[in-house]
Structures are given as structure tokens and as C-alpha cells.
Amino acid sequence: MERITLQEFLSLPDHEQFEILENEGKFIEDRSDGNRKTELYAIDRFFVEVEVSKTG
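First, a word on scope: everything that follows refers to the structure included in this document.

**Describing the nonpolar core**
Step number 1: Ile-4, Phe-9, Ile-20, Leu-21, Tyr-41, Ile-43, Phe-46, Val-48 and Val-50 together form the largest nonpolar core, which totals nine residues.
Step number 2: Contributing elements (two or more residues each) for this core: helix H2 (14–24), strand S2 (36–43) and strand S3 (46–53).
Step number 3: Here the element with the most residues in this core is S3; it accounts for three residues.

The structure is reproduced here in C-alpha cells:
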């Protein structure tokens, strides 16, 4: 993967962001709070938090 900046990542459509997370992101950790789960990923030189609903 070519280097990508945070600004470039944020300018991408959601489906492309998730594709990069899935293919290039390094999972760091997750944490849960009630029905919310937050996952932390590293991509190149920045981090991305993904909020996941634990319901349904």
C-alpha cells in the first residue's frame, strides 16, 4: 500500500475506508461499554477508531 495521510483517508467513501482497514489496518485493541464496542486500528502513521453496535 502506498502511504496515505489521515486527510486522504477521511476523504474516501466509507466502503473504501473499511476496505483499507480490512486489508491494511493493524488491529490494536477493543473496549466495550454497555452496548457499544470500539475497535482501534493502526494505518501507516495514524490510528482509526471504529464504533461497533453490539445489539442485534
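**Remarks on unusual backbone geometry**
Step number 1: In this structure, Asp-44 takes a positive phi of about 50 degrees despite not being glycine.
Step number 2: Considering the arrangement of structural elements, one finds Asp-44 in the loop between S2 and S3.
Step number 3: Judged by its relative accessible area of 39%, Asp-44 is partly exposed.

**A few points about the environment of Ile-43**
Step number 1: By secondary structure assignment, the location of Ile-43 is in strand S2.
Step number 2: Spatially, the C-alpha atom of Ile-43 lies 6.7 Å from that of Glu-24, the residues being 19 residues apart in sequence.

**Some words on H2**
One turn of the α-helix equals 3.6 residues, which is why residues spaced by three or four share an orientation.
Step number 1: Of the residues making up H2, those classed as buried are Gln-17, Ile-20 and Leu-21. The buried residues of H2 occupy one face: seen down the axis, they fall within an arc of 100 degrees. Every exposed residue of H2 that faces more than 90 degrees away from the buried side is listed here: His-15 and Glu-22.
Step number 2: Close packing links the buried residues of H2 with helix H1 (6–11), S2 and S3.

Conventions and cut-offs
Here the residue index of a chain counts from 1 through its sequence in written order. Local features in a predicted model are, by the rule used here, given only for residues with pLDDT of at least 70; side-chain atom pairs are given and counted only at 80 or more, and totals for whole chains, interfaces and linings are based on all residues. Where side-chain values are given, they derive from all heavy atoms of the structure, hydrogens and water being excluded. Think of a nonpolar core as a cluster: buried Ala, Val, Leu, Ile, Met, Phe, Trp, Tyr and Cys residues, connected wherever their side-chain atoms sit within 4.5 Å. Per-residue accessibility, obtained with a 1.4 Å probe over protein chains only, is compared with the maximum for each type, and a residue is labelled buried under 20%, exposed over 50%, and partly exposed between these values. Helix and strand labels come from DSSP, where a helix needs a run of H or I of at least four residues and a strand needs a run of E of at least two; each type is numbered from the N terminus. As used here, the arc is the angular range of directions from the helix axis to the C-beta atoms. The criterion used for residue contact is that any of the two residues' heavy atoms lie within 4.5 Å.

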